[in-house]
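Secondary and tertiary structure notes
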Amino acid sequence: MIDALLEGLLLVLQWKAFAFMLLGIALGFWVGLLPGLGGVTTLALMLPFIYAMSPVEGFAFLLGMHSVVATTGDITSVLFGIPGEGTTAATILDGHAMAKKGQAGRALGAALASSLVGALVGALALALAIPVVRPLVLAFGSPELFMIAIVGIAFIASLSAQGARGMLRGFLAGGLGLMVATIGQDPQAGVARYTFDSLYLWSGLDLVPVLIGIFAIPEIVDLIVRGGSIAGEMPGGRLNQGALEGVKDTFRHFWLTIRCSLIGTFIGIMPGLGGAVAQWLAYGHAVQSARTVEEREGFGKGDVRGVLGPGAANNSKEGGALIPTVAFGVPGSSSMAILLGGFFLLGLVPGPDMLTTHLAVTFSMVWTIVLSNVITVVACFLFLNHLARLTVVRGHFLVPVILVLVFIGSYTANNHYGDVVLMLFFGVVGYLMVAGGWPRAPFVLGLVLGKIVENNLYISVARYEFAWLTRPIVLVLLALAVAVILYPLIQARRSRSRSNAHA
Amino acid sequence: MHSKASLILGAGIVLVSGAAIVIALDWPLKARLFPLAIGIPVFCMAMAEVLWGLLDPAARSEAMEFRLSDEAQGGVAVRRTLLAVAWMAGFSAAIVLLGFPSAIALLVLCYLRLQGREGWIVSGIFTLVVWALFYTVFDRLLHLPFPAGLVQGWLGL
């Protein structure tokens, strides 16, 4: 095992494999920064280029690119409030709020350091879990996957706003997201649902324009209304010192970062859930880690823990997602499905062979994730000072550039003007949500999980009728969902009675 | 603004979810199961939210996330919001009429001149830089297909 681990490292450090990894990192760096240009799409675009490569070179190139996309996607999310990647939207909530308070450097430092920790945890999980993961994956069927999705929505809906009315709005937003996800051809009967005879709506709504609209448009409108820069009149200060503070924050909340990394890894392992879910669950967990109601109210206004959680989870999920892909040929996400195609192009068959004959190649993947994230984070820290200064640039220089990125990012999702209209429509919805004090996170999670929830519910009912509700893991997850809903209410009541007692 | 936006959103969801339920009733069971299982609770919750807003308009519930700044208020905020909408609508129209490359140059130049009140030289140089970046990254490097605008079609270009 140790020999294979070292051999894997040596394979990646061969000059050709290392050069391909650097090329992949450079591509992934820019793909992550540019909103709308997804890591999954780029992975698919790059697949034809690996034909002439050896397996180690091919994976160094593809994984080097893919594993840094979420890291640099966090930078766009923090600085401009636009999700650089679909998997980095949760970082906006507190990361961009910090940037507006003049703490862009600290937010970026925290995002990058937690991303690195997350990636390392994911890689370690991949290295350790390969021999023991089989029973875990096999224990989770459709009913359990359905319940995980429900727990995720309950998590976010109950934690993203205050009080009973806030919770109602959270669940309403989550339900609306699930409803919007039903648009398009239904997977069971093939009926075109809510498509109004439009071919564009047949395949459902693309996540990228919806995310860009709902998060970026309210920010742009606010920037125009406010005038000035993203950070307003806040002093920029020594931004590189802020970055160091962000790194320290990662170690101050080290166990939170580790827990969120483990959440990301776990979600990555579960087939079909993916990184967009992992970041929100990690954000929900970060909010839940607040000890008091006052502390919790700080989330969304620039609490660094709201950056650390998603930052760690969206990077650790890669290692996790590779586990079922390598061990069983079951891709954990759409990007892993594309990577699975890479296996066959390179003449490898996922499964037992990858854990015996080709174990060194498997470990070379672990090392690629580790090295590419270390290189990217170091490179980002070198330019961080300049990147953070973008938040003190006058608004009228930023607005047209952000608008261009927003429109191009939406259009390039499918090269269709319909995506631009979709982005503008959800921009209006996002603006109304922000103006009305509604949480946007549950809506996005509902939208992301919609198809997964429906498929797993249908399979559960078709396969087990209502007996699936009595499965032990389902019952545990159900109890967890109820606890997640009741916990903030109990906490608020306790806090009220404590303050009444003091008065 | 807070309660008005909330009321508009709540009422909109009541209408949309109500319509979604009615439409779904015509589908086979397999197709309507999930839309109804979600649509009905959403409709009920939206009704509760609207009634809550009407009966207790003073009650506020803040989401734990980004909030609109209160640096500009009242008429000024409304005027600037409408201005932001006008810029986005104008840019959308320019994309359809002129295509992405020309619309981008036009937006950046006009925004800097009219909204930012920058001089011609600064506006021109900045427009050139943004356009060159767009052209290099999206056209030359990524080869993303941007269709020509309607005007180019009418002129036969």
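Since this is a predicted model, take the numbers as computed values, not measurements. (Residues numbered from 1 in each chain as written. Chains lettered and ligands numbered in written order. Predicted model: local features only at pLDDT ≥ 70, side-chain atom pairs only at ≥ 80, totals over all residues. Heavy atoms only, no water.)

What about the overall build of chain A?
Across its full length, chain A carries 22 helices and 2 strands. For chain A, the share of sequence-separated contacts (at least 6 apart) that also reach a separation of at least 24 residues comes to 79%. With the model as given, the accessible surface of chain A reaches about 17600 Å², and the carbon-plus-sulfur share is 69%. (Helix = DSSP H or I, 4+ residues; strand = E, 2+ residues; numbered from the N terminus. Contact = heavy atoms within 4.5 Å. Areas by Shrake-Rupley, 256 points an atom, 1.4 Å probe, with all protein chains shown as cover.)

Considerations on the overall build of chain B
Counting its regular elements, chain B contains 6 helices and 0 strands. In chain B, the succession of helices and strands from N to C terminus is α-α-α-α-α-α. Summarising its shape, the C-alpha atoms of chain B cover approximately 55 × 45 × 30 Å along the three principal directions. Expressed as a percentage of the 157 residues in chain B, the buried residues total 38%. (Buried < 20%, exposed > 50% of the residue type's maximum accessible area, 1.4 Å probe, protein only.)

Describing the interface of chain B and chain A
As a measure of interface size, the accessible area lost when the parts come together is often cited. Opposite the 70 residues of chain B that make contact, chain A presents 76 residues. Overall, the association of chain B and chain A removes approximately 6800 Å² of surface from exposure, summing both partners, and the carbon and sulfur fraction of that is 75%. The tally of links between chain B and chain A comes to 2 salt bridges. Taken together, chain B and chain A are joined by 8 residue pairs in polar contact (both at pLDDT 80 or more). (Buried area = accessible area lost by both parts, 1.4 Å probe. Salt bridge = Lys/Arg side-chain N within 4 Å of Asp/Glu carboxyl O. Polar contact = N/O pair within 3.5 Å; in protein donor to acceptor, adjacent residues only side chain to side chain.)

What to know about the nonpolar core
Residues Trp280, Val406 and Phe443 of chain A are the most contacted members of the largest nonpolar core, which totals 188 residues. Domain assignment of the residues forming this core places at least three in each of domain 1 (2-55) and domain 2 (74-155) of chain B. Grouped together as the second largest cluster of nonpolar side chains are 6 residues, Val12, Ile25, Ala60 and Val68 of chain A included. (Core = buried A, V, L, I, M, F, W, Y, C linked by side-chain atoms within 4.5 Å. Domains from an automatic or database assignment.)

Digging into the pattern of salt bridges
Per the stated rule, a full pass over the model turns up 10 salt bridges over all chains. When the shortest N-O distance is used, the salt bridge between Lys100 of chain A and Glu219 of chain A registers 3.6 Å. Within this pair, whereas Lys100 of chain A is found in helix α5 (residues 90-100), its partner Glu219 of chain A is found in helix α10 (residues 207-226), the two being separated by 119 residues in sequence. What makes Lys100 of chain A buried here is its relative accessible area of 16%. Classification of Glu219 of chain A by relative accessible area gives buried; the value is 6%. A salt bridge links Arg169 of chain A to Glu49 of chain B; the shortest N-O distance between them is 3.2 Å.

Considerations on the packing of helix α19 (residues 395-411) of chain A against helix α20 (residues 417-436) of chain A
Residue and element names in this part refer to chain A. Two elements in contact, α19 and α20, have axes whose closest approach is 7 Å; the angle formed by their N-to-C orientations is 125 degrees. The angle between the axes of α19 and α20 places the two elements in the oblique class. Between α19 and α20 lies a crossing whose hand is right-handed. Contact residues: α19 offers Val406, Phe407, Ser410 and Tyr411, while α20 offers Tyr417, Asp419, Val420, Met423 and Leu424. A class-by-class count of the residues in the contact of α19 with α20 yields 7 nonpolar, 1 polar and 1 charged. (Axes fitted to C-alpha atoms, helices over the stretch in contact; angles between N-to-C directions. Parallel < 35°, antiparallel > 145°, perpendicular 65-115°, else oblique. Left-handed = near helix turned anticlockwise from the far one by under 90°. Nonpolar A, V, L, I, M, F, W, Y, C, P; charged D, E, K, R; others polar.)

Quick look at the packing of α19 of chain A against helix α5 (residues 120-141) of chain B
Each pair of packed helices can be summarised by the angle the axes make with each other and by the distance between the axes. One way to put it is that α19 of chain A packs onto α5 of chain B with a least axis distance of 12 Å and a crossing angle of 25 degrees. Considering their axes alone, α19 of chain A and α5 of chain B lie roughly parallel with respect to each other. Here α19 of chain A and α5 of chain B pass one another in a crossing that is right-handed. Touching Phe397, Val401, Leu405 and Ile408 of chain A of α19 of chain A are Val122, Phe126, Val130, Phe134 and Phe138 of chain B, all from α5 of chain B. Of the residues in the contact of α19 of chain A with α5 of chain B, the class split is 9 nonpolar, no polar and no charged.

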